[in-house]
Amino acid sequence: MMFKKAALAAATAALGFGALVAAPAAMAQDQFVPLLVYRTGQFAPLGIPWADGKQDYLKLVNAKGGVNGVKIAFEECETAYDTAKGVECYERLKNKGGGASGFDPQSTGITFAVSDKAPGDKRAIVTMGYGLSQSANGSVFEWNFPLLGNYWTAADSIIQDILKKEKGSLKGKKIALVYHDSPYGKEPIPLLQKRAAKEGFELMLLPVTAPGVEQKSTWLQVRQQRPDYVLLWSAGVMTPTAIREAQATNFARDKIYAIWWAGSDHDVKDIGAGAKGYNTVTIHNTAEHDKVHDEVKSAVYDKGQGTASNATSVGAMAHTRGMVISMLQVEAIRTAQEKYGKGKVMSPEQVRWGLENLNLTQEKLNALGFGKILRPIQTSCTNHLGTDWSRIAQWDGTKWTVVSDWYQADKSMVEPLVKEYADKYAKEKNVTPRSCN
């Protein structure tokens, strides 16, 4: 309860500060990027550094002169992770500044809601590491971009790491999924069911009612059923609650694997040694520090323009992921300019083309300061995910340490699911898939 109160207090403070530093509404010569955020509510401990990272990177781009001279204008809209509020934000911001360059809804539920609107509005939905897993299929989801990975690729990489620990066999093992009872938490279930059938392990599904501050009955089931591993699909206040319950029931923290949104500094730092061994899958290598962190400190925070009250959150995984998603949006604008005119403001349709034609080589990533964090990314008409890479990071009691090599999801596991669910979506929504020849 103390954590919940502290989180809400921090969220309120951060919201006030964010309002002070938000950029003015877009002018004609600016490229407008809307920022849907949740600095309040159940996921605020995650949402605050994520939102700060998004703003801080856009400020860095502007400090460097913009995108070929075009400055980025942005405006935050608070959703509190509420779908109805998220849709209101989308409607309010979609036409600002000549048309929003693309939305990062920061919520799977909001993504579900606005994905039906996006094709008619011609506004891109950019969901790095979350959202509708099947939207990797660009022929069906023309306006959705689940860049760098989704919940199916994440779950598959986690199972691969567990398989390594178990010397290649999970037959007869029991794996529990403790998940936020929402569209977000349910996303990995189809992949895990498919993996369970292939590997011969029993899958336990343990939903947790939002906001997730009461989990005693869930962890009582864990203690009684004694799974070999627990996968944790949580965020915000639910995550430290889960770790403390695991500690109270003496479930080994090194047998817990969290999705990336349940694996950041704010999730474990107050628990410290009690969380030692806790694992998280990362989006690419977002536990790494790189040149971009130093640039944000020197060009933004040292000049008193940081979004957070100080630079201590720069380098935290949630903040880094916020910067990554802003970088991807900026590079989509830059890619569009290469085709439609350098130094010009791009229309939403042109930015969508840029998202679909990203080609971030290692050389480009190095120049942007993300070379250690990300591996090369290339999208296409059929592939709106790009390239999924991940690593496993483990909390050692004081800091995160990367403890695995690189993983990519097993295409034979993921691609049939993407096709099955994309085809189902197309049929239900009367979407005619594009030809990508």
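Structural notes, computed from the coordinates.

## A closer look at the pairing of strand β5 (residues 174–180)
Step number 1: For β5, a buried count of seven out of seven residues is recorded, marking the element as mostly surrounded by other parts of the structure.
Step number 2: Both faces of β5 are covered, namely the face carrying Lys174, Ala176, Val178 and His180 and the face carrying Ile175, Leu177 and Tyr179.
Step number 3: Note: β5 against strand β6 (residues 202–208), seven bridges, orientation parallel. Each bridged residue has a counterpart across the sheet, and for tyrosine 179 the counterpart in β6 is proline 207.

## Considering the packing of helix α6 (residues 151–165) against helix α8 (residues 189–199)
Step number 1: Closest axis-to-axis distance for the α6/α8 pair is 9 Å, and the angle between their directions is 30 degrees. The angle between α6 and α8 falls in the class roughly parallel. The way α6 lies across α8 gives a crossing that is right-handed. Judged by residue contacts, Trp152, Ala155, Asp156, Ile159, Gln160 and Leu163 of α6 engage Pro190, Leu191, Leu192, Arg195 and Glu199 from α8.

## Regarding the side chain of serine 264
Step number 1: With respect to the element layout, serine 264 can be found in the loop between β8 (256–258) and α11 (265–268).
Step number 2: We classify serine 264 as buried; its relative accessible area is 1%.
Step number 3: With residues near it in sequence (within four places) discarded, serine 264 still touches Ala316, Met317, Ala318 and Trp400.

## So, the packing of helix α12 (residues 291–301) against helix α13 (residues 317–340)
Any two packed helices are characterised by the angle at which their axes cross and by the distance between the axes.
Step number 1: At a minimum axis separation of 12 Å, α12 and α13 run at an interaxial angle of 85 degrees. Regarding the angle of α12 to α13, the classification is roughly perpendicular. Across the interface between the two elements, Val292, His293, Val296 and Tyr301 from α12 touch His319, Thr320 and Met323 from α13.
Step number 2: Of the residues that constitute the contact of α12 with α13, the class distribution is four nonpolar, three polar and no charged.

## Focus: the state of the cysteines
Step number 1: A complete count under the given rule lists two disulfides for this structure.
Step number 2: Disulfide partner of cysteine 77: cysteine 89, at an S-S distance of 2.1 Å. Judged by the sign of its S-S torsion, about -75 degrees, the cystine formed by cysteine 77 and cysteine 89 is left-handed. You can see cysteine 77 sitting in strand β2 (residues 72–78) and its partner cysteine 89 sitting in helix α3 (residues 83–93), a full twelve residues away along the chain. For the pair formed by cysteine 77 and cysteine 89, the shared burial category is buried.
Step number 3: The cystine pairing of the protein, numbering bonded cysteines in sequence order, is 1-2, 3-4.

The rules we used
Counting starts from 1 at the beginning of each chain's written sequence and moves along it residue by residue. Totals for whole chains, interfaces and linings use all residues, but because this is a predicted model, local features are given only for residues with pLDDT of at least 70 and pairs of side-chain atoms are given and counted only at 80 or more. Excluded from the side-chain calculation are hydrogens and water; included are all heavy atoms of the structure. Residue burial is assigned from relative accessible area. The probe radius is 1.4 Å, only protein chains are included, and a residue is buried under 20% of its type maximum, exposed over 50%, and partly exposed in between. Helix numbering and strand numbering both begin at the N terminus, where a helix is a DSSP run of H or I of at least 4 residues and a strand a DSSP run of E of at least 2. By the convention used here, strands pair only if DSSP detects at least 2 bridges between them. For helices, the fitted axis covers only the stretch in contact; all axes are lines through C-alpha atoms, and the angles between them, taken along N-to-C directions, range from 0 to 180 degrees. For classification purposes, an angle smaller than 35 degrees is called roughly parallel, one larger than 145 roughly antiparallel, one from 65 to 115 roughly perpendicular, and anything else oblique. Note: crossing handedness is left-handed where the near helix turns anticlockwise from the far helix by less than a right angle, and right-handed where it turns clockwise. We call two residues in contact when some of their heavy atoms are within 4.5 Å. All amino acids are sorted into three groups, where Ala, Val, Leu, Ile, Met, Phe, Trp, Tyr, Cys and Pro are nonpolar, Asp, Glu, Lys and Arg are charged, and the leftover types, Gly among them, are polar. Note that a disulfide, as used here, is simply two cysteine sulfur atoms within 2.5 Å.

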